Amino acid sequence: MVGSNLFQRRKHSWPPEEYISRGTLQLFDFDSAAPPEHAWRRRLDSHANILKEFSVTFREAIKMVRLGIRLWSYIRKEAAYGRKAPIDPFTRESCKPSASQGVPLGGMGSGSISRGFRGEFRQWQIIPSIREASPVMANQFSIFVSRDGGNKKYASVLAPGQHEGLGKQDDYGISSWGWNLSGQNSTYHALFPRAWTIYDGEPDPDLKVSCRQISPFIPHNYKDSSLPTAVFVYTLVNTGKERAKVSLLFTWANSVGGISQLSGDHVNEPFIGEDGVSGVLLHHKTAKGNPPVTFAIAACETQNVNVTVLPSFGLSQGSCITAKDMWGTMVRDGQFDQGNFSSGPTMPSSVGEMLCAAVSASAWVESHGKCTFAFALAWSSPKVKFSKGSLYYRRYTKYYGTCERAAYQLVHDALKNYKQWEEEIEKWQNPILHDERLPSEQMWVEKLVASIVCASASEQLLHKDEKVLLYKFTLFNELYFLVAGGTIWIDSQSPDECTVSLPHATRKLDKKNVRVKGRKVDNTEHEEHFATVGSNQSDGAVLAGLPCKDESASTEDDPMDFSHSLSFLDPQNEEDDVGRFLYLEGVEYLMWCTYDVHFYASFALLELFPKIELSIQRDFAKAVLSEDGRKVRFLAEGNWGIRKVRGAVPHDLGTHDPWNEMNAYNIHDTSKWKDLNPKFVLQVYRDFSATGDLAFGLMFGHQDNDGLIENDGFPDQTYDTWTVHGVSAYCGCLWLAALQAAAAMALQIGDRDFAEWCKATFLKAKPVFEAKLWNGSYFNYDSGASSNSKSIQADQLAGQWYTASSGLPPLFDDGKIRSSLQKIYDFNVMKVRGGRMGAVNGMHPNGKVDETCMQSREIWTGVTYAVAANMILAGMEEQAFTTAEGIFIAGWSEEGYGYWFQTPEAWTIDGHFRSLIYMRPLSIWGMQWALSLPKGIMEAPQINMMDRIRLSPMMSRPSGSESGVRIVAHRAGCFDTKAYFGRTIGRSNTTSRRRTVSAGIVRCRPAQRRLGPGIPRPSRLAMGRPPPSLPLYLCNELLRPRKTMARKMLIDGELDGAGGHYDFDLFVIGAGSGGVRAARFSANYGAKVGICELPFNPISSEVDGGVGGTCVLRGCVPKKILVYGAAFGGELEDARNYGWELNEKVDFNWKKLLHKKTEEITRLNGIYKRLLSNAGVKLFEGEGKLVGPNEVEVTQLDGTKLCYSAKHILIATGSRAQRPNIPGQELGITSDEALSLEDLRKRAVVLGGGYIALPLRGFDDEMRAVVARNLEGRGINLHPRTNLTELIKTEDGIKVITDHGEELHADLVLFATGRIPNTKRLNLASVGVETDALGAVKVDDNSRTNVPSIWAVGDVTNRMNLTPVALMEGTCFAKTVFGGQPTKPDYINVPCAVFCIPPLSVVGLSEEQAIEQANGDVLVFTSTFNPMKNTVSGKTAMKLVVDAETDKVLGASMCGLDAPEIMQGIAVALKCGATKAQFDST
């Protein structure tokens, strides 16, 4: 039961030793027998509590009385036709749901069987839309052990306790078996699609048993992942002193769940197959005319393992062989009679008789020996029949034929291929399971350049990592739904009937004629990928759910065959044809591919099976073009309308006749829903961006002349009980995102008119949206005046989620996005049980749950995952994982409510569920998508369309001036002009629409086009007219001939007509801070980017460098690490003054510090490489140089020279250390070597007072003096105005001669006389790039050289040589060249720091600079004091330079503890023009 400690903080890490002894784990440490560390776990003796179903409140019930009455009537009507209503809240299952689920069996789409964590087989979904939840208890694994010559025996079913359905032990059924397993020492471990059950000395204390369950769920494998089979591998380890005879028994009932086993006429048949695979086929005749099913249970015989079978036994006393007899045989002999294989098929079972079969595998296991047994289960039901008669072949029949006896071949192949399956599964899962990178790495890596992360931040990240541990295995386990969610996967072709030959039992099935409108289903005749049998024509269904030709039209009037005109929506080659796929919204909501929910769940398919995702999108694209005119009553209001409106995205693909009879959902008229069409647009764009496969287009309209869609005062969205008024955050945000996505896609297909319309609408809609909904911290629920209009909706930024997931620019500024998400986190998450349950849908600003309706007070699991994904994309990983953690705690943890492997759509704050086994929680893969955006997304066109598209003057004219005629359909029950955006029917000079009605169905086709070849059509958006409806856009734009357009990058505001003329849009030479920033940001804007850098070495040279550049590898970062190390000496001295007695000798280990420094910069080098890779930037390791205005040559490590062309070239090679031209200069070192000295030198002479040695030159004179005094106080001798003239090697070091004739003796001489631009080997002169006397590249204010295609940023330009400045210049470059936002770097009030001890930091003007530049008086304020904490770090000095007339602060300086961090904040104040008075008042 649910414990009181559910909401207490618990330890998150789950070491396997808590569940299994370490010794047992070590015994199984081979052949994948041991469960992985990352797995969900339960003890087998855990109580499976009954789950609590939700109930409506009295107020909600009153509101829904009329709906309830209509729904009840509709359910009864459907039942009269022998059909189940898609939503039936009134009928309860006889088997109450419990916390007993485990990993389901089989691949996708061929029917599924689940297996509970205690071992029972349950949740049968072989027949579409029919789920038998009760376990069939005869289906079990059992073990029999005999030792000491039979004097010591153990026999037990490998499932604990007395289950439901078990009677007295003296009966003849399964109750007579030995149910002796307590489960106290047995554990279940789940990592979908595999599961492990470890029996640690049960029932035999000296026998350790591991059962490994394997199903062929393999991403990107479209063959094996469709197979209805599973393998059970038992690994046995005998820890006893004597050998043991062990037999494992697999029993199976001829049943598809429920009471189907009693219907009679079932047949069992033994077989001996190839490769030692032997077992029993169980032929099951289903009821109500559903296609038959054949099961196969089998084991693999090896040199050590003997396999026998019992083809038939029964559970009643009258059976020839009873279950009790069978058990007795196994206890006595441990096997069955070998002669059973030749017994042939059994007699068909009688009505009321339960027919079962058994397979036994036995072997001797030596003392301290090991043995492996492999069993397999398969079920073959090749035909899928829906309740209205449509018949299809399942996907696996493409490879195994269409007869049920293919079950034999399935178990054979499973037993032979399961090891390969496991290799592929581990290859897929291990990179995620073993990825120790923190999710926030990309966000804080660049900050690490300026400051080492503090200890408290590390602790926070560690806590976050524990949450990531939970996330990892929940990520995989939520995929159970793709198997157990009633999935159906059919083949596009019609396979041949098959003949399967089995030794001792060969039967050729008679081919039967299956008719489709009078045609036989075979290889050659299979129209529209489906067959129908016995269709109910009285329903008036049009079986081809696609627009058809007008049969009455003449050939002349209609030269286009419309049925072929949609071929662009079909897969263009056989490799992409993966059939068609359906999955239920939930096992309690029987609607296929519910689109508003698929919006969330589709990330899993896109990530793992992208071709299936595209197949579903193609099905919806076709569905948009269809219209179903049959009358439907919508139950919420009781009004009538038509089933499917042409041009509307359907809510679902149907229930009883999917693809042909859509919109099974009839609570509301979903053609009026405001979220479906934007969701279609966003999913199409995301899928295109990720895969590069655009086989269909899109289009939609809008509501009114403010550019925004508005809700119509009823729940016209996925939250279908939550009323919305006016503009809503959820739908409005989706609309804005859809406009951006549509603009991007329009440019890809060459439609600039539509792109302009999208921009014009976006520019009109966005400010209206923000004005109506933004309240300063989040977006209000809607713009109405109801009591919940200001509610905080968890899902308010769903559009932004898709925008970021697709690589598009953000809809709003980062501040608003993060503020909204933080508000959701603080209120919807953390104010509900302290964040232990997920995000509640609605929360009032006063911190009380919005109880406006059932859905506002619910926590939706899938939405919570989506919100977490949105947070990750916004750089809020800590909040994201805490948010998602609530779903695990409440749903998956042992202290939770027991929703594992049946995650519901929703639960209330008291844990009551609604709709188990639901589609939406697959959105957890949206989190994984956000954590590692696919390269395809990064390479897809991600240009800021709203900034790049130039509006024509026509677009600004009012719509009333349009020259064409807009025809708006009269109200037809379910829609009017205000019902749904994109619902108007456009007509212009060149397009029209004919409508013919037949049997209540509207069939549409485009009119013949009168334009001749090569004549461009008039702009559809001329004079500001809105575009035509979605289907007309599809027909007119996508059906017209055009060459396939490769994806092109938008550069400088227009598509590059040269297409593949350049290898890259941008090539960067140098991967330091500025180069990496420019490359990443340019790629994010859609550019194809290459970058080159020398191979990594801590010490740079002409052939060594490294990604990350000087600051990261041999500058700021390593310098700060060493400075921090040096500072501890003074802190230890301070500690003594605070009473700490440091009695032991404290030693300093230079080599250890150096090693840690090198480790850190090596790690950062790897991170920078990953940053480039994740952005889709191609990295070349080698030396780059210019060989032309648009050409770069890269010399690789082996001397190979590669040449690449680029439209733009960016030079970001930084600067190089220099040596003075004096005798003996080779005896000195530069900063490149200074941070990697193997030994700590005692005496050093440093030449120079710049940034490398001591950054004093150019700083305020007074502050320089403070630093000088501090240095002298630490024993450093200063020699101002002194140069070196010669270095001489001596026996005890180096003799240094100064220009004053002094002789200094040192162990090390450091040249810190500044750096020069690194341009020597770039070949700039030959290309004509101008440089100054130092070799710095000359650039204009936009970082462009005199050669228009070549640009430069960072130290190589010698402007302001600071890392943050290089980052800024890189950002400005990307915005200017690829973002359509010309941006000049801003060099005013840039703070900088000197990391001496204590550090110096300044911002703005020094006193000397202010005096020189000021027109009037300058006031100088100084302060000097000793910090309370420190006694030896020197005094702290602060200084402000102020304009006397305006009181404006012109500059600030500080030398003291934490000066750089303090000055960072002061810099913000100076940027804002702060005055001295304002400083004084704070």
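Refer to the structure printed above.
Residues numbered from 1 in each chain as written. Predicted model: local features only at pLDDT ≥ 70, side-chain atom pairs only at ≥ 80, totals over all residues. Heavy atoms only, no water.

Engineer: Can you lay out a nonpolar patch on the surface for me, pointing to particular residues and giving the numbers?
Structural biologist: Taken together, the side chains of F58, I62, V65 and I69 present a nonpolar region at the surface, about 450 Å² in accessible area. Mapped by element, the contributors of at least two residues to the nonpolar patch are α2 (58-63) and α3 (65-80). Mapped onto the secondary structure, I62 falls in helix α2. (Patch = residues over 30% accessible without salt bridge, like charges linked within 9 Å, V, L, I, M, F, W, Y side chains within 5 Å. Areas by Shrake-Rupley, 256 points an atom, 1.4 Å probe, with all protein chains shown as cover. Salt bridge = Lys/Arg side-chain N within 4 Å of Asp/Glu carboxyl O. Helix = DSSP H or I, 4+ residues; strand = E, 2+ residues; numbered from the N terminus.)

Engineer: Describe in detail the nonpolar core, supporting the description with residues and values.
Structural biologist: Counting residues in hydrophobic clusters, the biggest one holds 268 residues, and the most contacted among them are F232, Y234, F375, L479, Y583 and W925. In terms of residue count, helix α14 (residues 729-748) provides more of this core than any other element does, 17 residues in total. For W925, the contacting residues outside a window of four places in its chain are W428, I432, L475, F476, L479, F603, A604, E607 and L608. Judged by nonpolar contacts, the second largest core, of 43 residues, contains A1078, L1154, L1237 and L1308. (Core = buried A, V, L, I, M, F, W, Y, C linked by side-chain atoms within 4.5 Å. Buried < 20%, exposed > 50% of the residue type's maximum accessible area, 1.4 Å probe, protein only. Contact = heavy atoms within 4.5 Å.)

Engineer: Before we move on, could you go through the sheet that holds strand β36 (residues 906-907) and cite the residues and values that matter?
Structural biologist: On the basis of which strands lie adjacent, the open sheet formed by three strands has the order β35-β36-β37 and antiparallel pairing. Each edge of the open sheet is held by one strand with a lone partner, namely β35 (859-860) and β37 (913-914). Across two bridges, the pairing between β35 and β36 is antiparallel. The partner of W860 across the bridge, within β36, is A906. (Pairing = 2+ DSSP bridges.)

Engineer: Give me the lowdown on the packing of helix α18 (residues 861-873) against helix α20 (residues 924-931), citing residues and values where you can.
Structural biologist: Running from amino to carboxyl end, α18 crosses α20 at an angle of 10 degrees, the nearest separation of the two axes being 7 Å. Considering the angle they form, α18 stands roughly parallel to α20. Taking contact as the criterion, the partners of Y865, A868, A869, I872 and L873 in α18 are, on α20, I924, G926, M927, A930 and L931. Counted by class, the contact of α18 with α20 contains nine nonpolar, one polar and no charged residues. (Axes fitted to C-alpha atoms, helices over the stretch in contact; angles between N-to-C directions. Parallel < 35°, antiparallel > 145°, perpendicular 65-115°, else oblique. Nonpolar A, V, L, I, M, F, W, Y, C, P; charged D, E, K, R; others polar.)

Engineer: Talk me through unusual backbone geometry; I want residue IDs and the actual numbers.
Structural biologist: With an omega of -5 degrees, the peptide bond running from E202 to P203 counts as cis. Structurally, P203 can be placed in the loop between β8 (194-200) and β9 (207-214). Put simply, I1397 and P1398 share a cis peptide bond, and its omega is -5 degrees. Within the element layout of this structure, P1398 appears in the loop between β57 (1392-1394) and β58 (1400-1404). Of note, the phi angle at S129 is positive, near 65 degrees, even though the residue is not glycine. Residue position: S129 is located in the loop between β4 (121-125) and β5 (140-147). In the Ramachandran plot, D265 falls in the positive-phi region, its phi being about 70 degrees despite a non-glycine side chain. Inspection of the secondary structure puts D265 in the loop between β11 (244-253) and β12 (267-272).

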